[in-house]
Structure formats: C-alpha cells, structure tokens
Amino acid sequence: GSFAEFGKQWYQRRVRAQQLRDTVFIHYNIARIAHIRKLYGQMEKLTNEIDIEMLDLDIEWALVCQLVNFENVFEQALIYPIKNCKNEGQVNLNIHKLLQFLVKLVKLFSKYYSSTKVITYDQKESLVIRMNTRMLLVNSVFDLLNFCLTKIFGVPLVLMI
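Here the structure is a predicted model, which means the values were calculated and not measured. (Residues numbered from 1 in each chain as written. Predicted model: local features only at pLDDT ≥ 70, side-chain atom pairs only at ≥ 80, totals over all residues. Heavy atoms only, no water.)

### Some points on the environment of Lys 86
Position of Lys 86 among the secondary structure elements: in the loop between helix 3 (70-83) and helix 4 (95-115). Taking C-alpha positions, Lys 86 is 46 Å from Ile 36, a pair spaced 50 residues apart along the chain. (Helix = DSSP H or I, 4+ residues; strand = E, 2+ residues; numbered from the N terminus.)

What follows is the structure in structure tokens.
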C-alpha cells in the first residue's frame, strides 16, 4: 500500500474511534440524567412551581440556547435535504450536523452536571422552585436526546437504574 492509502485508513480509524467515544459519552450522560430524574421523582416537594428567571448561570442559558437551536439543526440535517431532493430515492441527509449538535448538547450538559447542584433536599421554597426549574431544563435535554436517539437513529434507550 501507498503512503496515501495508509493515511486514508489511519484517518478513517481515527474518525470511527471519535464517533465511538462520542456515542459512549452521550450514553454516559443519559445515565446521569436518568439518575437525577430518579432522585427527583422520589422526592416530596413543597411546591411544583417553576421560575425561568432562576436559570441565572451562563451554562444554563447555553443549554437553553442549544435546545432552542434544535429546530434549525433538524431542518438543515433532515427536512431541507428531503424537500430539495432532485433524484427520487437519493436523499443526501446531513446526519453529521445532527450528531455534532447532540455532542455539543451533551458536552454542555456534562459541564452543567459537574458544576451545578440540581437536586436539593432543603425544603426552603425558593430552593425547591430553583430545583424544579433546573429539572425542567434537565428533562428538556433528556427528551431531546430520547427523541433523536429513538425516533431518528432507532436506538432504544434502556435505562437500568
């Protein structure tokens, strides 16, 4: 084999290895979310009230912005290529854009999880409202990941917690 062929094979192996790491990282963070959801579901809460203004951390708003951007990415990755298909049966989907979006979302969530206490056992009303609001954000991340993995990629989420 030539040096060019070696370089091509090396690059393809690196891409596959990165894709595997990204897949594992996504599933690892889904397990983190499932754990938070389980803890939250077992708690008795003083109130179910939420207040979006309590999302005051930069990382929280980065997550919100990423979630809001999903519609645009979904359109670019799937809807636009289907609408503009010229050859029936030959659609060039931009799945890589969707995967890049999911990896970025999960990296943001991982940073959030590592830096922010979502669950509180203090029953002070303002802290419970903050927790409820943060859980709304966590559940939104989970719902989006669940939608993408199960509906678009056909990967069942098996959560054994």
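### What about the layout of surface pockets?
The computed volume of the largest pocket comes to approximately 330 Å³. Taken together, 16 residues make up the lining of the largest pocket; nearest its centre are Gln 19, Asp 22, Thr 23, Leu 99 and Val 103. At the level of secondary structure, the elements contributing two or more residues to the lining of the largest pocket comprise helix 1 (3-42) and helix 4. A total of 8 residues in the lining of the largest pocket trace back to one element, the largest contributor, which is helix 1. (1 Å grid on protein atoms, 1.4 Å probe; cavity = no way out; pocket = protein on both sides within 12 Å on 5 of 7 lines; lining within 4 Å. Points joined across faces, edges and corners; volume = space filled by probe spheres on them.)

### Let's talk about the side chain of Arg 32
If you trace the backbone, Arg 32 turns up in helix 1. No salt bridge is formed by the buried Arg 32, whose closest oppositely charged neighbour, Asp 22, lies at an N-O distance of 13 Å. With near-sequence residues (within four places) excluded, Arg 32 lies in contact with Phe 109, Ser 110, Tyr 113 and Ser 114. (Buried < 20%, exposed > 50% of the residue type's maximum accessible area, 1.4 Å probe, protein only. Lys, Arg positive; Asp, Glu negative; His and termini not counted. Salt bridge = Lys/Arg side-chain N within 4 Å of Asp/Glu carboxyl O. Contact = heavy atoms within 4.5 Å.)

### Re the nonpolar core
The biggest cluster of nonpolar side chains holds 38 residues, and the ones touching the most others in it are Leu 63, Leu 105, Phe 109, Tyr 112, Val 138, Val 141 and Leu 145. At 11 residues, helix 5 (residues 125-152) tops the list of elements feeding residues into this core. The contact partners of Leu 63, leaving out residues within four places of it in the chain, are Leu 105, Leu 108, Phe 109, Tyr 112, Leu 137 and Val 141. (Core = buried A, V, L, I, M, F, W, Y, C linked by side-chain atoms within 4.5 Å.)

### Observations concerning the packing of helix 3 against helix 5
Running from amino to carboxyl end, helix 3 crosses helix 5 at an angle of 15 degrees, the nearest separation of the two axes being 13 Å. With respect to their mutual orientation, helix 3 and helix 5 come out roughly parallel. Crossing of helix 3 over helix 5 shows right-handed handedness. Contact with helix 3, carried on its side by Phe 70, Phe 74 and Leu 78, involves Leu 144, Phe 147, Cys 148 and Ile 152 of helix 5 and no other residues of that element. Among the residues forming the contact of helix 3 with helix 5, the class breakdown is 7 nonpolar, no polar and no charged. (Axes fitted to C-alpha atoms, helices over the stretch in contact; angles between N-to-C directions. Parallel < 35°, antiparallel > 145°, perpendicular 65-115°, else oblique. Left-handed = near helix turned anticlockwise from the far one by under 90°. Nonpolar A, V, L, I, M, F, W, Y, C, P; charged D, E, K, R; others polar.)

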